[in-house]
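# Survey of secondary and tertiary structure
Below are the chains, spelled out letter by letter.
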Amino acid sequence: MFARRAVPKGEAPRHQVARRLYNELMSQLRFAFLGPRGTFTQQALNQIATEEEAIHIPALDAPRAIKMVRNGDADYAVVPIENSVEGGINATLDTLAADSDLLIYAEVLVPVAFTLAVRPGTTLADITHISTHHAAWTQCRNWLGEHLPEVVHLPAASTAAGAAGLAEEGDPGYQATLVSALACEQYELEALESGVADNPDAVTRFVLIGKVGKLPERTGSDKTTLMVQLATDEAGALLNMLEQFSARGVNLSRIESRPVGDSLGRYAFSIDAEGHLFDERIQAVLLGLHRVCPRVTFLGSYPSANQHRIRLRPGTTDDDFISARAWVDGLIERSI
């Protein structure tokens, strides 16, 4: 145990001073998020910093939240990047990978359960149109097909945007929305149905994005996110890219193709690899990718939210790579 020092009268203990300084720092940080208030994204942000601890700035969509960080209008952004039903969120992946000035610093998992919210007094028979985010509509499609087979979807920028429209006066052009229970409560709507989802175990993954800076420390349960462009005029380009991971014993937890956008047939791959930039095997992968791929964008190394320890294949520990490199250096040194 540390010895407790006597605190002169009028002076706070050091740990109290440190906590106060931390709170003052947090209270000045600005977090952009996919708004309005009450979205699943804000629920994810609350796991990082609540509105009592920091400034929450709602954005109309994920790309604008990310651009606020690029433009200096926010210190960080929290946006969805993947869900267990549809996979990657393309708007987030493409905006993040557009440049190499931003990094992912953390990820947060949020179980997604939808509430069919209406204005008080509205019945199921009254509903002809529902306004909600595309991802919410997709995750509830079978339930809606069974209970509201003729309903029309009006896309919204977020789940809470549909709730905000119902909360305003006048006719928004729809009678219901699919939102979180928090948004239903915040906008004083009535929960007509709870647990509306085709998969009760659905989860959405959110990421904390900031300007390039010091990476989080290694935990042994880390993830590295990359965007890797393939050569278009080379047979076996995809296999060549994947072999850079396989040869170093690096597992991929997610890989999705994205069009480069300048012409047909040109693709990049958004990848989550198990490991950290400071791991020897990840550095070896990046060296290999840089040799065989026209463009590799590093998007961050950060702790995995599931905290599962990475099981290393024999011959792929840091010591294995360091020992092998020292052996080759020795051969070179005695040969010159």
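Residues numbered from 1 in each chain as written. Predicted model: local features only at pLDDT ≥ 70, side-chain atom pairs only at ≥ 80, totals over all residues. Heavy atoms only, no water.

## A word on the pattern of salt bridges
What the rule picks out here adds up to 15 salt bridges. Its salt-bridge partner being E280, residue R325 comes within 3.2 Å of it at the nearest N-O pair. A residue pair is termed long-range when its members are at least 10 positions apart, and R325 in helix α11 (residues 318-333) and E280 in helix α10 (residues 280-292) qualify at 45 residues. Judged by its relative accessible area of 14%, E280 is buried. (Salt bridge = Lys/Arg side-chain N within 4 Å of Asp/Glu carboxyl O. Helix = DSSP H or I, 4+ residues; strand = E, 2+ residues; numbered from the N terminus. Buried < 20%, exposed > 50% of the residue type's maximum accessible area, 1.4 Å probe, protein only.)

## Section: the sheet that holds strand β15 (residues 295-303)
Ordered by their spatial adjacency, four strands build an open sheet running β13-β14-β12-β15, and the pairing between neighbours is antiparallel. Two strands close off the open sheet at either side, each with one partner strand: β13 (252-259) and β15. Taking each pair of neighbouring strands and ignoring which way they run, the sheet shows an average axis angle of 15°. Inspection of the sheet shows strand β12 (residues 222-229) paired to β15 by seven bridges, in the antiparallel sense. Within β15, the position partnered with Q229 by the bridge is R295. Across the sheet, helix α9 (residues 237-246) lies against β12, β13 and β14 (267-274), angled at about 15° from β14, the strand it touches most. Together, β12, β14 and β15 form the strand contacts of α10, whose direction differs from that of β12 by roughly 0°. (Pairing = 2+ DSSP bridges. Axes fitted to C-alpha atoms, helices over the stretch in contact; angles between N-to-C directions. Contact = heavy atoms within 4.5 Å.)

## Considerations on the state of the cysteines
Scanning all chains against the criterion turns up zero disulfides. Between C140, a cysteine without a disulfide, and C184, which holds the nearest cysteine sulfur, the sulfur-to-sulfur distance is 14 Å. (Disulfide = S-S within 2.5 Å.)

## As for the packing of α9 against α10
Two elements in contact, α9 and α10, have axes whose closest approach is 8 Å; the angle formed by their N-to-C orientations is 165°. In terms of orientation, α9 and α10 fall into the roughly antiparallel class. In this structure, the crossing between α9 and α10 has a hand that is right-handed. Between α9 and α10, the residues in contact are N240, M241, Q244 and F245 and V285, G288, L289, R291 and V292, respectively. Residues belonging to the contact of α9 with α10 are distributed by class as follows: five nonpolar, three polar and one charged. (Parallel < 35°, antiparallel > 145°, perpendicular 65-115°, else oblique. Left-handed = near helix turned anticlockwise from the far one by under 90°. Nonpolar A, V, L, I, M, F, W, Y, C, P; charged D, E, K, R; others polar.)

## Quick word on the UniProt feature "site: Essential for prephenate dehydratase activity" (unreviewed entry) in the protein
Under the feature "site: Essential for prephenate dehydratase activity" (unreviewed entry), the UniProt entry names T204. With respect to the secondary-structure elements, T204 resides in strand β11 (residues 203-211). By relative accessible area, T204 is classed as buried at 9%. Each residue touching T204, except ones within four places of it in the same chain, is listed here: P80, E82, N83, V108, L109, V110, V112 and Q139. (UniProt positions renumbered as here; feature names shortened; annotations may be inferred.)

## Quick look at the nonpolar core
Within the largest apolar cluster, 33 residues are counted, with the highest numbers of intra-cluster contacts made by F114, L116, I127, I130, L144, L148 and L178. At the level of elements, β1 (30-34), α2 (40-46), β5 (102-111), β6 (114-118), α5 (134-139), α6 (141-147), β9 (176-179) and β11 are the ones that each hand at least two residues to this core. At four residues, β5 tops the list of elements feeding residues into this core. When residues of this core are assigned to domains, at least three map to each of domain 1 (29-111) and domain 2 (115-194). Leaving out residues up to four positions away in the same chain, I127 has contacts with L116, V118, T122, L148, V151, Q175, A176 and L192. In this structure, M68, I81, L102 and A268 belong to the second largest nonpolar core, which totals 22 residues. (Core = buried A, V, L, I, M, F, W, Y, C linked by side-chain atoms within 4.5 Å. Domains from an automatic or database assignment.)

## Some details on the packing of α10 against α11
Contact geometry of α10 with α11 gives a least axis separation of 8 Å together with a crossing angle of 60°. Classified by the angle their axes make, α10 and α11 are oblique. Residues E280, R281 and A284 of α10 pack against D318, F321, I322 and R325 of α11. In terms of residue class, the contact of α10 with α11 is built from three nonpolar, no polar and four charged.

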